[in-house]
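# Working through the structure, step by step
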Amino acid sequence: MTTRRWQLAHGRYLDLGPKAVVVGILNVTPDSFSDGGLFIAPEKALEQARRMVKEGAAVIDVGGESTRPGFAPISAEEEQARVLPVIAALAASGEALISVDTYREDTARLGVAAGAHIVNDVWGLQREPGIARVAAETGAGLVIMHTGRERQKLPDVIEDQFLFLRKSLEIARAAKVADSQIVLDAGFGFAKETAEENLDLMARFSELQALGYPLMAGTSRKRFIGNATGREPADRAAGTAATSVILRLKGADLFRVHDVAINVDALAVTDAMLARETELPPGH
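Residues numbered from 1 in each chain as written. Predicted model: local features only at pLDDT ≥ 70, side-chain atom pairs only at ≥ 80, totals over all residues. Heavy atoms only, no water.

As named in an unreviewed UniProt entry, the protein chain is Dihydropteroate synthase, taken from Mesorhizobium humile. Note on the protein chain: under the UniProt heading Pathway (unreviewed entry), the record states "Cofactor biosynthesis; tetrahydrofolate biosynthesis; 7,8-dihydrofolate from 2-amino-4-hydroxy-6-hydroxymethyl-7,8-dihydropteridine diphosphate and 4-aminobenzoate: step 1/2." Per UniProt, the comment on the protein chain under Cofactor (unreviewed entry) is "Mg(2+)". (UniProt positions renumbered as here; feature names shortened; annotations may be inferred.)

Now for the sheet that holds strand 6 (residues 118-121). Overall, parallel pairing links the 8 strands, which are arranged 3-4-5-6-7-8-9-10 in a closed barrel. Mean inter-strand twist for the sheet, computed between neighbouring axes without regard to direction, equals 25°. Direction of pairing for strand 7 (residues 141-145) relative to strand 8 (residues 182-185): parallel, over a ladder of 4 bridges. From the neighbouring strand, M145 faces strand 8, where its bridge partner is D185. Helix 8 (residues 237-249) contacts strand 9 (215-217) and strand 10 (254-257) of the sheet and is inclined by roughly 165° relative to strand 10. (Pairing = 2+ DSSP bridges. Helix = DSSP H or I, 4+ residues; strand = E, 2+ residues; numbered from the N terminus. Axes fitted to C-alpha atoms, helices over the stretch in contact; angles between N-to-C directions. Contact = heavy atoms within 4.5 Å.)

Here the focus is the nonpolar core. Among the nonpolar cores identified, the biggest contains 63 residues, and L26, I60, V62, L90, I144 and L184 are the most heavily contacted of them. Beyond its immediate chain neighbours, meaning those up to four positions away, V62 contacts L26, V28, V83, V86, I87, L90, I98, S99, V100 and D101. In this structure, V23, L97, I118 and V183 belong to the second largest nonpolar core, which totals 13 residues. (Core = buried A, V, L, I, M, F, W, Y, C linked by side-chain atoms within 4.5 Å. Buried < 20%, exposed > 50% of the residue type's maximum accessible area, 1.4 Å probe, protein only.)

Encoded structure:
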């Protein structure tokens, strides 16, 4: 499997390809859909971050505003008050790479200044294109996520991915973001309203490799997993791990999850099988 080096801020990088990378979700919010309020206190957030690192997360993704359907927007100042102290404390400890989950240019810039290595934009640069300038100026890794919110989508799930993400990539290139800084995220659950649409996206995920960038999968505890399992969000760890395995086999490089340990183990087995598969002689 080909190795690609993902360039990040502060002189850091991640090698993607042979081994799946797990990104731990750290929501410092009162209203996220499955863990709202659990980690809003900075000391609780840091405890959770350290737990996820111990379980095998390579990156901690810190978000201060819920992005669940029907979320209540907050001010940039409130978002920054939630995330910046946590980012600074994590950066001081040096325990993990840090991602700031924001669509605001100012929060992205302040997050990287506080020690974040990656900016993760759930609006794919199309809400505040200035995030691309932040990435270009700081060298931060940039996760560009697909969303169908606030626009008319194409009926074909993959054609809509290409339509949206190609526009986002144009914004990134215009800002002089290097290709080596970019990861794409298919945006499971973001205006993919039905279980079938998310399952179709998962089934056809390998088609996204045609865009030529590393891919992140963010299925963790999503509603379509609940539809398949009948379980509530906090009990969807095993279902999430199943999607991680499927998406790894279809070319995903990074996996953004709430439940780190089970996904690390599931992906380790998947990677071991993929490595062994390349060693087998033809016909076996």
